[in-house]
Amino acid sequence: MTTYDDRASHGGAPDRAYGAVGEDLTAVVERVRGSVEGVIEGKPEVVRLSLTVLLAEGHLLIEDVPGVGKTMLAKALARSIDCSVRRIQFTPDLLPSDITGVSIWDQQRHDFEFKPGAIFAQIVIGDEINRASPKTQSALLESMEERQVTIDGKTYELPSPFMVVATQNPVEMEGTYPLPEAQRDRFMARVSVGYPSTEAELQMLDVHGGVSPLEDLQPVAHAHDIVKLIEAVRGVYVAEPIRRYAVDLVSATRTHPDLRLGASPRATLHLLRAAKAAAALAGRDYALPDDVQALAVAVLAHRLLPTAQAQLNRRTAEQVVQEILQRTTVPASAGRPAGFGGLGRPGYGQQPPRRL
């Protein structure tokens, strides 16, 4: 297996400290969050979900009407971390090889040379992903799930961390193709930016009216800091009742009368990983039922397909997930497990108890 890392060729800087040495890992998250919120006014919950997906090793789908800051959110997150970033503008004439790369015959060497595509970066911004054909969209399937690309029988690993942040306009907009079910299922969460409040929009005019907020945005964390955070999130403890709660929520989508397609087992894994990342962002090294509840709509709704009758009744997938949350029994929480410390504090990483 061939490893390809293009940080040097695409603007990635060499290793250097950003003051995170000796600090809690949570301080790194706060710096990134503050940097992104300085660009995206009045949307702290959207920024928090974006960071949750990043630490959970997932991919984020940002869906909303044009002009509300979808691409700016993706760029702000990418520029806040010192890592390689590539942007792909999806258009109807975009080819799969433009994303993954292509092997070109080298006349001097008398051999094929692989030219990597835009997917070979740590953060890949897919702008207006649903303007490309399904054939081109499918070029992302292997890279998003397995974090590798296979070209002409050779497999190339993608750098770490790796995250795809895709934006899309609603399907009803002209010139868009609906994402295939397999493509949507690979996105850990979907978020809508929405219109800003009046106060946030006024503040945006005052602060960013004359210059783009991205121009002065500088990295506040290194890619290695994010890797450490991801490793910490993997160690967050999830009790058996909470794991069963996640399974019950996902299973309920497969039998709901208003849905013709429920959530997959991959959705269960994504929900659990996202809950662990949310717990870490809250400074805990154990997950609570609240973490699962808070993320259920964002993680599950975009994977579900309502029946024709539900669509006629204007029932959305989000409403169905909310209904399932209300009907599913929530496990009792016994609070913080004994012997646990906060994320990045003494006590983190100790063996958890076997039950709450």
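Our subject is the structure listed above.
Anyway, here's the lowdown on the structure attached to this text. (Residues numbered from 1 in each chain as written. Predicted model: local features only at pLDDT ≥ 70, side-chain atom pairs only at ≥ 80, totals over all residues. Heavy atoms only, no water.)

## Structural notes on the packing of helix α10 (residues 240-255) against helix α11 (residues 265-281)
Closest axis-to-axis distance for the α10/α11 pair is 10 Å, and the angle between their directions is 145 degrees. As α10 packs across α11, the resulting crossing turns out to be right-handed. Together, Arg243, Ala246, Val247, Val250 and Arg254 of α10 and Pro265, Thr268, Leu271 and Leu272 of α11 make up the contact between the two elements. (Axes fitted to C-alpha atoms, helices over the stretch in contact; angles between N-to-C directions. Helix = DSSP H or I, 4+ residues; strand = E, 2+ residues; numbered from the N terminus. Left-handed = near helix turned anticlockwise from the far one by under 90°. Contact = heavy atoms within 4.5 Å.)

## Topic: helix α2 (residues 44-55)
An α-helical turn contains 3.6 residues, so any two residues separated by three or four positions project in the same direction. With 12 residues, α2 ought to run about 16 Å at 1.5 Å a step, and its terminal C-alpha atoms sit 17 Å apart, in line with that. Most of α2 is tucked away, with nine of its 12 residues classed as buried. Among the residues of α2, those classed as buried are Val46, Val47, Leu49, Ser50, Leu51, Thr52, Val53, Leu54 and Leu55. Among the residues trailing α2, Glu57 stands out with phi positive, at a value near 60 degrees. (Expected span 1.5 Å × (residues − 1). Buried < 20%, exposed > 50% of the residue type's maximum accessible area, 1.4 Å probe, protein only.)

## Some thoughts on the packing of aromatic side chains
For the structure on display, the rule yields four aromatic pairs. Ring centres of Phe114 and Phe120 lie 5.7 Å apart, and the angle between their planes is 70 degrees; on these two criteria the pair is classed as edge-to-face. The class of Phe114 is buried, set by a relative accessible area of 14%. Considering the side-chain rings of Phe120 and Tyr156, the 6.4 Å spacing of their centres and the 85 degrees angle between planes classify their relative orientation as edge-to-face. Here the residue Phe120 occupies a position in the loop between β6 (111-116) and β7 (123-127), and Tyr156 occupies one in strand β9 (residues 154-157), the gap between them amounting to 36 residues. Residue classification places Tyr156 among the buried positions, given a relative accessible area of 8%. (Phe/Tyr/Trp six-rings, centres within 6.5 Å; stacked < 30°, edge-to-face > 60°.)

## What about the pairing of strand β10 (residues 163-168)?
Note on strand geometry: in a regular strand, side chains alternate between the two faces of the sheet. β10 sits mainly inside the fold: six of its six residues count as buried. In this structure, strand β2 (residues 60-63) lies alongside β10, joined through four bridges in parallel fashion. Opposite Ile62, over in β10, you have Thr167 as the bridge partner. Pairing analysis gives four bridges linking β7 to β10, with the strands arranged parallel. Bridged to Val124 within β10 is Val164. (Pairing = 2+ DSSP bridges.)

## Some words on the pattern of salt bridges
Side-chain pairing between opposite charges can occur once the charged atoms of the two side chains come close. Counted according to the given criterion, the structure contains 15 salt bridges. When the shortest N-O distance is used, the salt bridge between Glu30 and Arg33 registers 3.3 Å. Taken together, the residues span about one helical turn, with Glu30 and Arg33 both in helix α1 (residues 25-37) at a distance of three residues. A relative accessible area of 42% places Glu30 in the partly exposed class. Under the relative-accessibility criterion, Arg33 is labelled buried at 14%. Across the pair Arg244 and Glu240 runs a salt bridge whose closest N-O atoms are separated by 3.0 Å. Taken together, the residues Arg244 and Glu240, both in helix α10 and four residues apart, mark about one turn of the helix. Classification of Arg244 by relative accessible area gives exposed; the value is 52%. Its relative accessible area of 33% is what places Glu240 among the partly exposed residues. (Salt bridge = Lys/Arg side-chain N within 4 Å of Asp/Glu carboxyl O.)

Honestly, it's all geometry; don't read function into it.
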